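Structural overview
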Amino acid sequence: MNTNTTKKPSFFSGLTGQILIAMVLGAVLGIIIHNSISPESAQNFSNKIKILATIFIRLVQMIISPLVFTTLVVGIAKLGDIKAVGRIGGKAMGWFFTASFISLLLGMFFVNILEPGVGLNLSNVDMGSVSEVTAKTQNISFENFIEHIVPKSIFEAMATNEILQIVIFSIFFGLAAAALGDYVKPVTNALDKTSHIVLKMVNYVMKFAPIGVFGAIAGVFAVRDFQELAITYFKFFGSFLIGISSLWIVLIIVGYIFLKSRMTVLLKRIVSPLIIAFGTTSSEAVFPKLTEELERFGVKDRIVSFMLPLGYSFNLDGSMMYMTFASIFIAQAYGIDLDLGTQMTMLLVLMLTSKGIAGVPRASLVVVAATCGMFDIPIEGIALILPIDHFCDMFRSATNVLGNALATSVVGQWEGADETEEVVIE
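Rules and cut-offs
All residue numbers here refer to positions counted from 1 along the written sequence of the relevant chain. Owing to the predicted nature of the model, reporting of local features is limited to residues with pLDDT of at least 70; listing and counting of side-chain atom pairs is limited to 80 or more, with chain, interface and lining totals taken over all residues. The side-chain numbers reported here are obtained from all heavy atoms of the structure, hydrogens and water having been left aside. Secondary structure counts use DSSP, requiring at least four H or I residues in a row for a helix and at least two E residues in a row for a strand, with both numbered from the N terminus. Whether two residues are in contact is decided by their heavy atoms, any of which lying within 4.5 Å being enough. Computed by Shrake-Rupley with a 1.4 Å probe, the accessible areas treat only the displayed protein chains as cover when residues are assessed. What a helix should span is 1.5 Å times the count of its residues minus one. Burial classification: accessible surface area is computed with a 1.4 Å probe over protein chains only, and a residue below 20% of its type maximum counts as buried, one above 50% as exposed, and the rest as partly exposed. Throughout this description, the term nonpolar core refers to a set of buried Ala, Val, Leu, Ile, Met, Phe, Trp, Tyr and Cys residues connected via side-chain atoms within 4.5 Å. Just to be clear on terms, a salt bridge is a Lys or Arg side-chain nitrogen sitting within 4 Å of an Asp or Glu carboxyl oxygen. Where helices are involved, their axes are fitted lines through C-alpha atoms of the stretch in contact, as for all axes, and angles between N-to-C directions lie from 0 to 180°. Working definition: roughly parallel below 35 degrees, roughly antiparallel above 145 degrees, roughly perpendicular at 65 to 115 degrees, and oblique for all remaining angles. Note: crossing handedness is left-handed where the near helix turns anticlockwise from the far helix by less than a right angle, and right-handed where it turns clockwise. Here the aromatic set is Phe, Tyr and Trp, taking the six-membered ring for Trp, and pairing holds for ring centres within 6.5 Å; pairs whose planes are under 30 degrees apart are stacked, those over 60 apart are edge-to-face, and all others are tilted. The rule for a charge over a ring is simple: NZ of Lys or CZ of Arg within 6 Å of the ring centre, and within 35 degrees of the ring normal. UniProt positions are given in the numbering used here, feature names are shortened, and annotations may be inferred rather than shown by experiment.

- Where an unreviewed UniProt entry is consulted, the protein chain appears under the name Cation:dicarboxylase symporter family transporter, with the organism given as Flavobacterium petrolei.

Quick word on the overall build of the protein chain
- Within the protein chain one finds 19 helices and 0 strands.
- Look at the contacts in the protein chain between residues 6 or more apart in sequence, and 87% of them connect residues 24 or more apart.
- For the protein chain, the accessible area works out to roughly 19200 Å², and carbon and sulfur atoms hold 64% of it.

A short note on helix α3 (residues 82-114)
- Here α3 spans 47 Å end to end across 33 residues, near enough to the 48 Å set by a 1.5 Å rise per residue.
- Phi for E115, located one or two positions after α3, is positive at around 45°.

Observations concerning helix α14 (residues 287-297)
- Burial of α14 is extensive: 11 of the 11 residues sit out of reach of the surface.
- Listing the buried residues of α14 in full gives F287, P288, K289, L290, T291, E292, E293, L294, E295, R296 and F297.
- Where α14 ends, the next residue or the one after it, G298, has phi of about 120°, a positive value.

What to know about unusual backbone geometry
- At K260, a position not held by glycine, the phi torsion is positive, near 55°.
- Residue K260 is classed as exposed on the basis of its relative accessible area, which comes to 53%.
- If you check the backbone angles, D376 has positive phi at about 55° while not being a glycine.
- If you trace the backbone, D376 turns up in the loop between α18 (363-374) and α19 (382-414).
- On the basis of relative accessibility, which here comes to 66%, the residue D376 falls in the exposed class.

Details of the nonpolar core
- Core analysis: the biggest nonpolar cluster contains 117 residues, and F56, F236 and I385 have the highest contact counts within it.
- Top element by residues in this core is α19. It accounts for 16 residues.
- Here F236 is in contact with P116, Y322, F325, F329, I385, I388 and C392, once residues within four sequence places are set aside.

Notes on the environment of H390
- Position of H390 among the secondary structure elements: in helix α19.
- Residues H390 and V220 lie 170 residues apart in sequence; the distance between their C-alpha atoms is 8.1 Å.

Re the pattern of salt bridges
- This model, assessed by the stated rule, comprises 9 salt bridges.
- In this structure, the salt-bridge partner of K289 is E293, at a minimum N-O distance of 3.4 Å. You can see K289 and its partner E293 sitting in helix α14, 4 residues apart, about one turn around the helix.

Points about the packing of α3 against α19
- The N-to-C vectors of α3 and α19 enclose an angle of 140°; their axes lie 10 Å apart at closest approach. Classified by the angle between their axes, α3 and α19 sit oblique to one another. The crossing of α3 and α19 is right-handed. Contacts between α3 and α19 pair I88, K91, A92, W95 and F96 from the former with L406, A407, V410, V411 and W414 from the latter.

A closer look at the packing of aromatic side chains
- This model, assessed by the stated rule, comprises 17 aromatic pairs.
- With a centroid separation of 6.5 Å and an interplanar angle of 25°, the aromatic rings of F237 and F240 are classed as stacked. With F237 and F240 both in helix α11 (residues 234-259) and 3 residues apart, the pair spans about one turn of that helix. Taken individually, F237 and F240 each receive the classification buried, so the pair is uniform in this respect.
- One cation-aromatic arrangement involves R396 over Y322; the distance from NZ or CZ to the ring centre is 4.1 Å.

Points about the UniProt feature "transmembrane region" (unreviewed entry) in the protein chain
- Taking the numbering used here, the UniProt-annotated feature "transmembrane region" (unreviewed entry) corresponds to residues 12-35, 55-80, 92-114, 163-184, 204-224, 236-259 and 365-386.
- Within the segment residues 163-184, helix and strand shares are 82% and 0% respectively, and the terminal C-alpha atoms sit 25 Å apart.
- A helix fraction of 100% and a strand fraction of 0% characterise residues 236-259, whose end C-alpha atoms lie 34 Å from each other.

So, the packing of helix α1 (residues 15-36) against helix α13 (residues 271-280)
- Two elements in contact, α1 and α13, have axes separated by 9 Å at closest approach and are oriented at 20°. It follows from the interaxial angle that α1 and α13 lie roughly parallel. At the point where α1 passes α13, the crossing takes the left-handed sense. Mapping the contact onto sequence places L15, T16, I19, L20 and M23 in α1 and V271, S272, I275, I276 and F278 in α13.

Printed below as a string of structure tokens:
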């Protein structure tokens, strides 16, 4: 009798299970610390434990620039000509702006229907931490948006992880390489091999993900009384969750329309990136891992390398939904009535200004503050949502990842990537 059986790895031995355990343990530790020591000591503990999350995110940021540059240049070189780049780029931008508009509309719809800001008590709002956000709003302008797109130095763009600027340089570099043909094949082959080395580095870096998530969650719960936050912000957070859940439903339905049964496979593939983004509140932190999972799903590498960097600059669905929701919420809290025309104008302003701040810390809050200033809504209203913003950021970061995974997969299918069978990368 053959007793040779292959033992299946348990769920908790995988990365996803480890991250979920880390989230629970982090929350438990944070709550214990919050309830057992002084606020000053808890803040000190929070600052120190968050270093674990900072190290993880910095490790990921370390490989984003070389990964975006190498994969995008090789991808464009493989596309072969400007027509192919223009065709895929046109499909990508059409998808991105449609998804952004729908996300903004959903935020506007639910904040108007549920009115979470109406009748809010403003007496106990802490204004002390507002300056960090409002200080950055002066840089939000059309001129700054244009300057933000075009790099003055590729080395500066890489040093600061300006994904959009790296994309612009890589497109020019890739098109030039494609135009020169076989003459530059040694260069593109070297970049192709470099990208595989970087992707191998991703596997090493992701082993640190559970520790990073543990530090991020423990740090937040150590200084926030979750019960108090839940009571104080129940209406705001509850309304936001209804809105973001609706956006997930829309995205998943659209996914099933275009990808059919393969949408289920895609969702299984991106569970780990979704949880990492949720735990660290950073969609950027899963860029390399998402690249790898989408290629495993079967999207051609040239499509992934072209779509994802663009998506991280132009397709932040969760953040877009939150921006209209938060802006109108602040207006409601101050009793400012915005007619439909004004709200639609605000929506268009958000559509444009949000495209130039990818990679800026607390980017959504910066844009919300700048938008409030444009429409004579008190910028100080940002203080209303700062205490709960971290928890909202968890959901919008995960939503951004879902939106970009879906956009890349659908455009990949339009380009014939659906003919590629699912592959496994060791």
